[in-house]
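Next come the chains, spelled out residue by residue.
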Amino acid sequence: MPESSPETHVIDFRAAEQLLAARDPRGAIRLLDSVITAHPENTAARLLRARAFFLAAQLRPAELEFQIVLEREPDNAFAHFALGRTLERADRTEEALRHFRLAAALEPRPEFIEAARFAPGQGSDKGDGSGSGDSDRGHPDAGPE
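Residues numbered from 1 in each chain as written. Predicted model: local features only at pLDDT ≥ 70, side-chain atom pairs only at ≥ 80, totals over all residues. Heavy atoms only, no water.

Caption draft 1: Structural view of the environment of leucine 97. Inspection of the secondary structure puts leucine 97 in helix H6 (residues 93–106). Looking at leucine 97, the relative accessible area reads 17%, which means it is buried. With 19 residues separating them along the chain, leucine 97 and alanine 116 place their C-alpha atoms 5.9 Å apart. (Helix = DSSP H or I, 4+ residues; strand = E, 2+ residues; numbered from the N terminus. Buried < 20%, exposed > 50% of the residue type's maximum accessible area, 1.4 Å probe, protein only.)

Put into structure tokens, the structure is as follows:
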């Protein structure tokens, strides 16, 4: 096996991106493991590996990687959104909603706003006493005008 170098790590990272795009998350994880072992500070590689774990339905490792990314980049809206999706998939909806709302506040993309407001069908109605108090803020129809 060839010796690892910064160049091979870049190649592995790019190949992992391609594998993830081709829906081979396990192959991407294998490549990213060596990249992260050599460069544990590489947030982009961790974010890519977190996405791969999520697509491979490895929710706990995905959660841990997204948390590492957010420790380093607390304003990373995508990482909050993806962590929210991970927690939602693990039936931890209250925790997920917190990250969806953070994502929407950081970057009001339509999918983030929609996820942050997913309350209908979650077992609560308008009079549930949840104390959110922000019934109009972040509503998908409320434009930035």
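Caption draft 2: Seen up close, the pattern of salt bridges. Taken as a whole and assessed by the stated rule, the structure comprises 10 salt bridges. In this structure, aspartate 33 and arginine 49 form a salt bridge, with 2.7 Å as the shortest nitrogen-oxygen distance. In this pair, aspartate 33 sits in helix H2 (residues 25–38) while arginine 49 sits in helix H3 (residues 43–55), placing the two residues 16 residues apart along the sequence. Judged by its relative accessible area of 31%, aspartate 33 falls in the partly exposed class. (Salt bridge = Lys/Arg side-chain N within 4 Å of Asp/Glu carboxyl O.)

Caption draft 3: Just the packing of helix H1 (residues 6–21) against H2, in detail. Relative orientation of the contacting elements H1 and H2 amounts to 155°, with a least axis distance of 8 Å. When the axis of H1 is compared with that of H2, the two are roughly antiparallel. Here the hand of the crossing between H1 and H2 comes out left-handed. Contacts between H1 and H2 involve His9, Asp12, Phe13, Ala15, Ala16, Leu19 and Leu20 from the former and Pro25, Gly27, Ala28, Leu31, Leu32, Ser34, Val35 and Ala38 from the latter. Here the contact of H1 with H2 is composed, by residue class, of 11 nonpolar, three polar and one charged. (Axes fitted to C-alpha atoms, helices over the stretch in contact; angles between N-to-C directions. Parallel < 35°, antiparallel > 145°, perpendicular 65-115°, else oblique. Left-handed = near helix turned anticlockwise from the far one by under 90°. Contact = heavy atoms within 4.5 Å. Nonpolar A, V, L, I, M, F, W, Y, C, P; charged D, E, K, R; others polar.)

Caption draft 4: Representation of the packing of helix H5 (residues 77–89) against H6 within the structure. Running from amino to carboxyl end, H5 crosses H6 at an angle of 160°, the nearest separation of the two axes being 8 Å. In terms of orientation, H5 and H6 fall into the roughly antiparallel class. Where H5 crosses over H6, the two elements pack in a sense that is left-handed. Contact with H5, carried on its side by Ala77, His80, Phe81, Leu83, Gly84, Arg85, Leu87 and Glu88, involves Glu95, Ala96, His99, Phe100, Leu102, Ala103 and Leu106 of H6 and no other residues of that element. Here the contact of H5 with H6 is built from residues that sort into nine nonpolar, three polar and three charged.

Caption draft 5: Geometry of the nonpolar core. Ranked by size, the top nonpolar core spans 33 residues in total, and within it Leu32, Ala45, Leu48, Phe66, Phe81, Phe100 and Phe112 carry the most contacts. Of all the elements in the fold, those that place two or more residues in this core are H1, H2, H3, helix H4 (59–72), H5, H6 and helix H7 (110–116). Here phenylalanine 112 is in contact with Ala77, Phe78, Phe81, Phe100, Ala103, Ala104 and Glu107, once residues within four sequence places are set aside. (Core = buried A, V, L, I, M, F, W, Y, C linked by side-chain atoms within 4.5 Å.)

Caption draft 6: Spotlight on the packing of aromatic side chains. Per the stated rule, a full pass over the model turns up two aromatic pairs. Ring-pair connections join several aromatic residues into one group, and the members of that group are Phe81, Phe100 and Phe112. Of note, arginine 89 hangs over the ring of phenylalanine 54, and the distance from its end group to the ring centre comes to 4.7 Å. (Phe/Tyr/Trp six-rings, centres within 6.5 Å; stacked < 30°, edge-to-face > 60°. Lys NZ or Arg CZ within 6 Å of the ring centre and 35° of its normal.)

Caption draft 7: How the structure looks around the environment of leucine 31. Following the sequence through the fold, leucine 31 ends up in helix H2. Note on leucine 31: relative accessible area 23%, which makes it partly exposed. Note: C-alpha distance between leucine 31 and isoleucine 11 (20 residues apart in sequence) is 9.4 Å. Beyond its immediate stretch of four places on either side in the chain, leucine 31 contacts Asp12, Ala15, Ala16 and Leu19.

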